[in-house]
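Listed below are the residues making up each chain.
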Amino acid sequence: EAGVTQFPSHSVIEKGQTVTLRCDPISGHDNLYWYRRVMGKEIKFLLHFVKESKQDESGMPNNRFLAERTGGTYSTLKVQPAELEDSGVYFCASSQAGGNTIYFGEGSWLTVV
Amino acid sequence: GNSVTQMEGPVTLSEEAFLTINCTYTATGYPSLFWYVQYPGEGLQLLLKATKADDKGSNKGFEATYRKETTSFHLEKGSVQVSDSAVYFCALRLVQGAQKLVFGQGTRLTINP
């Protein structure tokens, strides 16, 4: 069974540009999460989808970040325009409905220069 | 609120040494507790978990016991190897209410041969 997959694995963009990160959760997982770790700090929650609906987006830092999960399958996280402080690792994760364990992808490493 | 506090790193040990990484938590509800590990250049992997008081999670020689009376979930290993070098994250997830993981700040572990 395939795990959580993320694309791209690494991205380097200039300040002011746009980047779109993609996440494919484990097949059949209704719950999809985005987290990020910035500059070696703790991993912080961004938002949580249940199927295609945003269940909790309390961690989204500002309106430069837009997450979507059309059709309740894969998800995208767009950063527009990117700022230097957005550099870090963006993790996607998924879990089954009612499941206790959250499975993470390998992360998308974003560098804004 | 809900929070996790981990032992400050970095931690450097010699091979075959005994390891303890302390983790304490504060939770408004009744949490499940997790240790995740991030090896160099890789994503987050679930190392072990415990879902109720006095449960012991174990994997790859690592152990952690859910101590409700001390609100702790310390990670231990009797004899570490160079391949255990990684960043270790303690995390909690409430059984009821918000489903997101709350992480500690991470502890970088380096094992020297």
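Calculation rules
- Residues numbered from 1 in each chain as written.
- Chains lettered and ligands numbered in written order.
- Predicted model: local features only at pLDDT ≥ 70, side-chain atom pairs only at ≥ 80, totals over all residues.
- Heavy atoms only, no water.
- Pairing = 2+ DSSP bridges.
- Helix = DSSP H or I, 4+ residues; strand = E, 2+ residues; numbered from the N terminus.
- Axes fitted to C-alpha atoms, helices over the stretch in contact; angles between N-to-C directions.
- Disulfide = S-S within 2.5 Å.
- Salt bridge = Lys/Arg side-chain N within 4 Å of Asp/Glu carboxyl O.
- Buried < 20%, exposed > 50% of the residue type's maximum accessible area, 1.4 Å probe, protein only.

Here we come to the sheet that holds strand S1 (residues 5-7) of chain A. The strands that make up a sheet are held in pairs by hydrogen bonds between backbone atoms, and each pair lies either parallel or antiparallel. Residue and element names in this part refer to chain A. Read across the sheet, four strands follow the order S1-S3-S8-S7 without closing on themselves; strand pairing throughout is antiparallel. With one partner strand each, in any of the chains shown, S1 and strand S7 (65-68) form the two edges of the open sheet. Neighbour-to-neighbour, the strand axes of the sheet open up by a mean angle of 15°, direction not taken into account. Here S1 pairs with strand S3 (residues 19-24) via three bridges, running antiparallel. Across the sheet, Phe 7 pairs through a bridge with Arg 22, a residue of S3.

This next bit is on the state of the cysteines. Among covalent bonds in proteins, the disulfide is the one between the sulfur atoms of two cysteines. All names here are of chain A. Here the structure, examined in full by the defined rule, presents two disulfides over all chains. One disulfide in the model links Cys 23 with Cys 92; its S-S distance is 1.8 Å. Across the S-S bond of Cys 23 and Cys 92 the torsion is about -65°, and the bridge reads as left-handed. Taken together, the residues span a long stretch of sequence, with Cys 23 in strand S3 and Cys 92 in strand S9 (residues 88-95) at a distance of 69 residues.

This part is about the sheet that holds strand S3 (residues 19-21) of chain B. All names here are of chain B. Strand order in the open sheet formed by four strands is S3-S9-S8-S7, and the pairing between neighbours is antiparallel. Every other strand in the sheet has two partners, leaving S3 and strand S7 (56-59) as the edge strands with one partner each. Looking at each pair of strands side by side, their axes are set apart by 20° on average, direction ignored. Two elements, S7 and strand S8 (residues 62-65), share four bridges in a ladder whose sense is antiparallel. Note on S8: the bridge partner recorded for Lys 56 is Thr 65.

All names here are of chain A. One pass over the full model with this rule turns up ten salt bridges over all chains. With a closest N to O distance of 4.0 Å, Lys 15 and Glu 83 form a salt bridge. Of this pair, Lys 15 sits in the loop between strand S2 (10-13) and S3 while Glu 83 sits in the loop between strand S8 (75-79) and S9, and the two are 68 residues apart along the sequence. Judged by relative accessible area, Lys 15 falls into the exposed class, the value being 52%.

Glancing now at the pairing of strand S10 (residues 86-94) of chain B. Residue and element names in this part refer to chain B. With nine of nine residues buried, S10 is to be regarded as a mostly interior element. Two strands pair when backbone bridges link them, and S10 and strand S12 (residues 107-112) are joined in this way by three bridges, in the antiparallel orientation. Bridge pairing links Tyr 88 to Thr 107 in S12. With three bridges joining them, S10 and strand S11 (residues 101-103) adopt antiparallel strand pairing. Considered in S11, the bridge of Leu 92 is made with Val 102.

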